[in-house]
Amino acid sequence: MQVHEAREDIPDGFVHSGAAPQETVLNLRLALVQSDPAGLEKALMDVSTPSSALYGQHLTKEEVEKFVAPSPDSVAAVNAWFAENGIEAKTISPAGDWLSFSIPVSKANELLNADFSVFTHQETGKTSIRTLAYSIPADLKGHVDLVHPTITFPNPFARLPAMVAPPKIKPAVNVTSDAVPASCSSTITPACLQALYGIPTTPAKVASNKLAVSGFIEQFANQADLRSFLTTFRPDIPASTTFTLQTLDGGQNPQAANEAGVEADLDIQYTVGVATEVPTVFISVGEQFHDGALEGFLDIINFLLGESAPPQVLTTSYGQNENTISRALANNLCNAYAQLGARGVSILFASGDGGVAGSQTTRCTTFLPTFPSGCPFMTSVGATTGVPETSASFSSGGFSNFFAQPSYQASAVSGFLSALGNTNSGKFNRSGRAFPDVSAQGDDVEIIVGGESGLVGGTSCSSPIFASVVSLLNDQLAAAGKPPLGFLNPFLYSTGASALNDITTGSNPGCNTQGFPARAGWDPVTGLGTPNFAKLKTAVGL
């Protein structure tokens, strides 16, 4: 047996609470080594880079699966190991690279030479069964990518944005001039975004151009709240404009007012209410997820990879600190984003709300990058605040400890690092993938939840707003017979960079430091900047 994955220590905030009961059944998954991840990455870059001859020629489901499907040798080797140990496994991903199986703790300890134990998260009291290391037979090296959940710990801080009462001013509705209404400096509404970013109010035309919003941790999007929101803030469109629902892992979307979720309502109100008439789908991932610590992150991607026509844009307002996830699992999920990207899907995530301290402010000595923002195959969205825009101090940004800097951002990032000099030296990985990529308003955003209006803040506001801009661009591209934007970053860091409003003030403090400063060009607070719709239209060739 060879040690396959191990963590040096128990992650912050967790304590070891003894051995796991031997008879407890663990639902495990095994990822097989994919046949050609380098080929997939090349294909992704070819179809996503504006200067490439293959730009926009996105791959089919079958073409992507060829890169991902494990080799027949790997399948045979793993099946033989399972058969030898009397384990029945079933395939759970479209390309056959993920298997699931259930065995008791006693058998898992023996099979994986592991020590599954109970770990308690002190602050929340939540317990989970994990091991700090596991092994696989030496002859399975090169066939098995990882077993999960083993050394990846749950994300205890799946905290949601807090709502505060709105100020007693009249928020902006129906702006006719280009001037940004004064009220926008204290309350953001769709009209503010239209004025700030030049977002059009004309209805989208192409029915096949979809925008997906993911919902996790029992966050439900309320239809009545959306209707009130549209009545108040978008009186120019029918109040009955709504979203469709997809569910997985036992997900649902109950409509009682007391079950309306702040995050889900925010995400739906700032997609349906900003991407005028773009067909929007809310994907509710239930609590019966099969991916252990990841709250359905992997399940939703496998779900979308299984669709013949996945939505062209997916926005997610959830994330966690990179150090809670095993490197192999982070890599595997990141490759799943590359698979969707190669098929023409733009994947946007909120960068996190703890400045350089990660997904929420915590005690830290070195900076904590967030996941999946460190993955180079998705677009990470930071936050701005105020008019004129400045950095939101909570906007998470920095440098991954797992993923190397992709070439598409090399010159933008080196400009920042040389200007930074020795500030925060040793607190971050200078050669890591840098994030966020872009930003949008993320503070004092007005929403309606359970019939009450309130203000919320966080990069979880910014991601749906930027996603809406991408969807509206995709609508116009589709109407002109052009392919969707797909994986955005190679475009954003090249022809798209000058079509963004560069944010040059503010910083993102954390870990008892001032964090990083925003400056001219890319920075790890606001990325390349916020959208300018008219310039983006030109940049995408419209």
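So, a few notes on the structure that sits alongside this text. (Residues numbered from 1 in each chain as written. Predicted model: local features only at pLDDT ≥ 70, side-chain atom pairs only at ≥ 80, totals over all residues. Heavy atoms only, no water.)

Axis angle and axis distance: for two packed helices, these are the angle between their axes and the distance between the axes, and together they describe the pair. Axis separation between helix 7 (residues 262–272) and helix 11 (residues 459–479) bottoms out at 8 Å; the angle between their running directions is 25 degrees. It follows that helix 7 is roughly parallel to helix 11 by the angle criterion. In the packing of helix 7 onto helix 11, the handedness of the crossing is right-handed. Every residue of helix 11 that contacts helix 7 at Glu263, Leu266, Asp267, Tyr270 and Thr271 is listed here: Ser460, Cys461, Pro464, Ile465 and Ser468. (Axes fitted to C-alpha atoms, helices over the stretch in contact; angles between N-to-C directions. Helix = DSSP H or I, 4+ residues; strand = E, 2+ residues; numbered from the N terminus. Parallel < 35°, antiparallel > 145°, perpendicular 65-115°, else oblique. Left-handed = near helix turned anticlockwise from the far one by under 90°. Contact = heavy atoms within 4.5 Å.)

Before going further, it helps to spend a moment on the state of the cysteines. Across all of its chains, the model carries three disulfides by this definition. Here the disulfide map of the chain reads 1-2, 3-5, 4-6, the bonded cysteines being numbered as they appear in the sequence. Here Cys461 stays unpaired: no disulfide links it, and the sulfur of Cys192, its closest cysteine neighbor, is 13 Å away. According to the relative accessible area criterion, Cys461 is buried, its value standing at 0%. (Disulfide = S-S within 2.5 Å. Buried < 20%, exposed > 50% of the residue type's maximum accessible area, 1.4 Å probe, protein only.)

Our next topic: the sheet that holds strand 3 (residues 25–32). With respect to topology, four strands assemble into an open sheet ordered 4-5-3-9, the strand pairing being antiparallel. On the outer flanks of this sheet lie strand 4 (90–91) and strand 9 (144–148), each paired with one strand and no other. Here strand 3 pairs with strand 9 via four bridges, running antiparallel. Each residue of the ladder has a partner; that of Leu32, found in strand 9, is Val144. Here helix 9 (residues 327–342) sits on the sheet in contact with strand 3, strand 5 (98–104) and strand 9, set at roughly 105 degrees to strand 9. (Pairing = 2+ DSSP bridges.)

This brings us to the packing of aromatic side chains. Under the counting rule described, the total for this entry stands at 18 aromatic pairs. Ring plane angle 55 degrees and centroid distance 5.5 Å describe the contact between Tyr337 and Phe349, whose orientation is recorded as tilted. With a gap of 12 residues between them, Tyr337 in helix 9 and Phe349 in strand 15 (residues 346–350) connect regions that are remote in the sequence. With a centroid separation of 5.0 Å and an interplanar angle of 80 degrees, the aromatic rings of Phe428 and Phe516 are classed as edge-to-face. Residue Phe428 is found in the loop between helix 10 (410–420) and strand 20 (432–435), and its partner Phe516 is found in the loop between strand 24 (500–501) and strand 25 (530–531); the two are separated by 88 residues along the sequence. Taken individually, Phe428 and Phe516 each receive the classification buried, so the pair is uniform in this respect. (Phe/Tyr/Trp six-rings, centres within 6.5 Å; stacked < 30°, edge-to-face > 60°.)

On to the nonpolar core. Leu30, Leu112, Phe116, Tyr270, Tyr337 and Phe516 are the most contacted members of the largest nonpolar core, which totals 150 residues. Top contributing element to this core by residue count: helix 9, with 10 residues. Residue contacts for Phe116: discarding those within four places in its chain leaves Ala19, Ala20, Leu26, Val105, Ala108, Asn109, Ile129, Arg130, Thr131, Pro149 and Thr150. (Core = buried A, V, L, I, M, F, W, Y, C linked by side-chain atoms within 4.5 Å.)

A separate point is the pairing of strand 6 (residues 117–121). Buried residues dominate strand 6, accounting for five of its five residues. On strand 6, burial covers both faces: Ser117, Phe119 and His121 on one face and Val118 and Thr120 on the other are all buried. Where strand 2 (residues 14–19) meets strand 6, four bridges bridge the pair, whose relative direction is antiparallel. The residue bridging Val15 from the neighbouring strand is Thr120, located in strand 6. Pairing geometry for strand 6 and strand 7 (residues 127–130), over four bridges, is antiparallel. Bridge pairing in strand 7 places Thr120 opposite Thr127. Between strand 6 and strand 7, which pair antiparallel and follow one another directly, the connecting turn spans five residues, one of which, Gly125, has a positive phi of 75 degrees.

Moving on: helix 5 (residues 190–197). In terms of burial, helix 5 is largely enclosed, as eight of its eight residues are buried. Those residues of helix 5 that fall on the buried side of the exposure criterion are Pro190, Ala191, Cys192, Leu193, Gln194, Ala195, Leu196 and Tyr197.

Our focus in this paragraph is helix 11. Under the 1.5 Å per step criterion, the end-to-end length of helix 11 is 31 Å for 21 residues, consistent within 8% with the ideal 30 Å. Once helix 11 finishes, Gly481 follows within two positions and takes phi at roughly 75 degrees, a positive value. (Expected span 1.5 Å × (residues − 1).)

Turning to the pattern of salt bridges, a few remarks are in order. Enumeration over the complete set of coordinates arrives at four salt bridges. Linking Glu65 and Lys61 is a salt bridge whose minimum nitrogen-to-oxygen distance equals 3.0 Å. Of this pair, Glu65 and Lys61 are both found in helix 2 (residues 61–68), four residues apart, which corresponds to roughly one turn of the helix. (Salt bridge = Lys/Arg side-chain N within 4 Å of Asp/Glu carboxyl O.)

The linkage connecting His148 with the following residue, Pro149, adopts the cis geometry, with an omega of -5 degrees. With respect to the helices and strands, Pro149 occurs in the loop between strand 9 and helix 5. Here Cys511, not a glycine, exhibits a phi torsion of approximately 55 degrees, which is positive. Relative accessible area serves as the criterion here: at 7%, Cys511 is assigned to the buried category.

It is worth spelling out the side chain of His58 at this point. Following the sequence through the fold, His58 ends up in the loop between helix 1 (37–48) and helix 2. Exposure remark for His58: the relative accessible area of 18% places this residue in the buried category. Ignoring sequence-local partners within four residues, the contact set of His58 consists of Val47, Glu63, Gly341, Ala342, Arg343, Gly344, Pro483, Pro484, Leu485 and Gly486.

As a further point, take the packing of helix 1 against helix 9. Running from N to C, helix 1 and helix 9 cross one another at 40 degrees; their axes reach a closest spacing of 9 Å. Compared by their axis directions, helix 1 and helix 9 come out oblique. Every pair of crossing elements has a handedness; the one defined by helix 1 and helix 9 is left-handed. For the pair helix 1 and helix 9, the contacting residues are Pro37, Leu40, Leu44 and Val47 in the first and Asn335, Ala338, Gln339, Gly341 and Ala342 in the second. Residue composition of the contact of helix 1 with helix 9, by class: six nonpolar, three polar and no charged. (Nonpolar A, V, L, I, M, F, W, Y, C, P; charged D, E, K, R; others polar.)

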